[in-house]
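# Notes for the structure review
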Amino acid sequence: MRFSDIPGHEDLKRNLRELVASGHVPHAMMLSGPAGSGKMMLARAFAQYLHCESPRDGEPCGSCRSCRLHRELSHPDLHFVYPIVKSEKMKRYVSADVADLWRTMLSDHPAMPPEKWLSILEAGNSQPSIYVREADELVLADAYPPYASARKIYIVWQPERMQLQAANKLLKVIEEPSEGTMFIFVSDNELEVLPTIFSRLQRFHTGRLSDDEIRGYLNEKFHFTDEQARRYARLCNGSLILADEFGSHTGENEEFLAIYQNVMRSAYAKKVAALRQTSEQVAAFGREKIKRFLVYMSRMIRENFIYNMKMPQLTSMTPDEEAFSTRFSPFVNHGNVEDFAAATDRAREDIEANGNSKLVLFDYFLICIILLHRKPTA
């Protein structure tokens, strides 16, 4: 991974290069920012830059032995720590037990969409964590010197999912690691990182990418036309994750659009049996994906209301979404939009609180019947 492979963050890239040039690379640091901002890509590029035998022009050379090992995700002094779902049956206790799945994640989804990792892990409703056994092994490994370079680098993804016991065991190692050991924490939400860990890290923030940077990414990686790239860049909200989803046309957006259309058509036609069937279909997604679907519902309700207000220049929809909205948007109006938004938020909160998914979704879809048939007030 090279810095030039990553869109945006030019100031941060320059700061990282200057750390190396000054010889003051921190032994524990954190890159934090919203999911899809390219943090893991930056961490990987920085680690490769540190290990590169012949860096030039502020980039790892890409051809030395260390760079080749980084490209193959097999450098002996590069280690990853990440949340997993522990399983006695499958003998999964620490990150290394699912290393093959992790390499698939890094290779196929370098922007690191958290939902993809849940899917690859087949986590279902389980919440991945970094467990205390992981911390025990890290403490033991800290006693060994780097194998093939001057630094042994640990990249810790989503430290906000670290259990309290694990964090407590790592405090000493993070604060005073053995010579040559360094940690790069990569967090989607630094406010959820335990304060005892947070306070020991030199922190760097990655904000959202600009629409222009996303547009350039879509042009270069997926060969979008300028008009396509402009339209989709607005939808991506600065996220490489969404850019990859739109670019590959194999993501959840199309799936969620089809379900959204089905729900609204069935609700308008008062087809209760069809809505019940759809609620069962969506309930089978598992809690995290259901929440993402309800977020999508919220976005489409908002976009349809704006479209209905004859302000299409303010909307951010794909061509397929807009095609549906040209006919459906009149049914989302000032008479029901607030209740639509409130009902959607309430359903998502109920799912987060471990409510029965089938009941929550069926109830929400029935509310959609009432709201769609409410006449706008004068």
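Below you will find a few notes about this structure. (Residues numbered from 1 in each chain as written. Predicted model: local features only at pLDDT ≥ 70, side-chain atom pairs only at ≥ 80, totals over all residues. Heavy atoms only, no water.)

## Section: the side chain of Ser266
We apply this condition: Helix and strand labels come from DSSP, where a helix needs a run of H or I of at least four residues and a strand needs a run of E of at least two; each type is numbered from the N terminus. In what follows, residue pairs with any heavy atoms lying within 4.5 Å of each other are defined as contacts.
Topologically, Ser266 is positioned in helix α12 (residues 252-268). With sequence-adjacent residues up to four places away left out, Ser266 is seen in contact with Lys271, Ala274 and Leu275.

## Focus on the pattern of salt bridges
So the rule is basically this: Within this document, salt bridges are pairs made up of a side-chain nitrogen of Lys or Arg and a carboxyl oxygen of Asp or Glu, the two lying within 4 Å of each other. Under the scheme applied here, a residue whose accessible area is under 20% of the maximum for its type counts as buried, over 50% as exposed, and between as partly exposed, the area being computed with a 1.4 Å probe on protein chains only.
Counted under the stated rule, the structure contains 21 salt bridges. The partner of Lys39 in a salt bridge is Asp188, and the shortest N-O contact between them spans 2.9 Å. With a gap of 149 residues between them, Lys39 in helix α2 (residues 39-51) and Asp188 in the loop between β4 (181-187) and α8 (195-198) connect regions that are remote in the sequence. By relative accessible area, Lys39 is classed as buried at 4%. A salt bridge links Asp136 to Lys169; the shortest N-O distance between them is 2.7 Å. Of this pair, Asp136 sits in helix α6 (residues 132-141) while Lys169 sits in helix α7 (residues 164-175); the two residues are 33 residues apart in sequence, bridging distant segments of the chain. On the accessibility criterion, Lys169 (41% relative accessible area) is partly exposed.

## Some thoughts on the packing of α6 against α7
Quick note on the threshold: Axis definition: a line fitted to C-alpha atoms, over the contacting stretch in the case of helices. Angles run 0 to 180 degrees between N-to-C directions. Here is the rule for angles: anything less than 35 degrees is roughly parallel, anything more than 145 is roughly antiparallel, 65 through 115 is roughly perpendicular, and the remaining ranges are oblique. Helix crossings get a hand from a simple test, with the near helix turned counterclockwise from the far one by less than a right angle marking a left-handed crossing and a clockwise turn marking a right-handed one.
In contact at an axis separation of 7 Å, α6 and α7 are set at 15° when each is read in the N-to-C sense. Taken together, α6 and α7 sit at an angle that is classed as roughly parallel. In the packing of α6 onto α7, the handedness of the crossing is left-handed. Residues Val132, Ala135, Asp136, Leu138 and Val139 of α6 lie in contact with α7, whose contacting residues are Gln165, Ala166, Lys169, Leu170 and Val173.

## Quick look at the nonpolar core
Heads up, the condition is: Take the buried residues of types Ala, Val, Leu, Ile, Met, Phe, Trp, Tyr and Cys, join any two whose side-chain atoms come within 4.5 Å, and each joined set is a nonpolar core.
Judged by nonpolar contacts, the single largest core of 55 residues is most densely connected at Met40, Phe46, Trp102, Ile155, Trp157 and Ile184. Among the elements that line this core, the one with the most residues is α2, at nine residues. Sequence-distant contacts of Trp157, that is, excluding residues within four places in its chain, are made with Met40, Val81, Tyr82, Pro83, Trp102, Met105, Met112, Pro114, Trp117, Ile130 and Val186. Ranked by size, the runner-up nonpolar core spans 35 residues in total, among them Leu257, Ile290, Phe324 and Ile351.

## Considerations on the sheet that holds strand β3 (residues 152-157)
Put simply, the rule reads: Here, strands pair whenever DSSP counts at least two bridges between them.
Taken in spatial order, the five strands make up an open sheet running β2-β3-β4-β1-β5, and their pairing is parallel. Strands with a single pairing partner mark the edges of an open sheet, and in this sheet they are β2 (78-81) and β5 (202-205). Going across the sheet, the axis of each strand differs from the next one's by a mean of 20°, ignoring polarity. In this sheet, β5 lies alongside strand β1 (residues 28-32) in parallel orientation, the contact comprising four bridges. Pairing of Leu31 across the sheet is with Phe204, part of β5.

## So, the packing of aromatic side chains
The geometry of an aromatic ring pair is captured by the separation of the ring centres together with the interplanar angle, meaning the angle of the planes. The following threshold applies: Planes of paired rings set the category: under 30 degrees apart is stacked, over 60 is edge-to-face and the rest tilted, where pairs are Phe, Tyr or Trp rings (Trp by its six-membered ring) whose centres lie within 6.5 Å.
Taken as a whole and judged by the stated rule, the model has 22 aromatic pairs. Geometrically, the ring pair formed by Phe256 and Phe293 is edge-to-face, given 5.5 Å between the ring centres and 70° between the ring planes. Linking Phe256 in helix α12 with Phe293 in helix α14 (residues 287-308), this pair joins segments that are 37 residues apart in sequence. Considered together, Phe256 and Phe293 belong to a single accessibility category, that of buried residues. Summarising the aromatic geometry, the rings of Tyr364 and Phe365 are spaced 5.7 Å apart at their centres and angled 45° between planes, so their arrangement reads as tilted. No difference in accessibility class separates Tyr364 from Phe365, as the two residues are buried. Each member of the aromatic cluster is reached from another via a ring pair, and the members are Phe256, Tyr260, Tyr268, Phe285, Phe293, Tyr296, Phe324, Phe328 and Phe331.

## Some details on the packing of helix α10 (residues 226-236) against helix α11 (residues 240-248)
Put simply, the rule is: Under the scheme applied here, ten amino acids are nonpolar (Ala, Val, Leu, Ile, Met, Phe, Trp, Tyr, Cys and Pro), four are charged (Asp, Glu, Lys and Arg), and all others, including Gly, are polar.
Close contact between α10 and α11 brings their axes to 9 Å; oriented N to C, the two are set at 135°. Classified by the interaxial angle, the pair formed by α10 and α11 is oblique. Judged by the sense of rotation from one axis to the other, the crossing of α10 with α11 is right-handed. Contacts between α10 and α11 involve Tyr232, Leu235 and Cys236 from the first element and Leu242, Ala243 and Phe246 from the second. Class assignment of the residues belonging to the contact of α10 with α11 gives a composition of six nonpolar, no polar and no charged.

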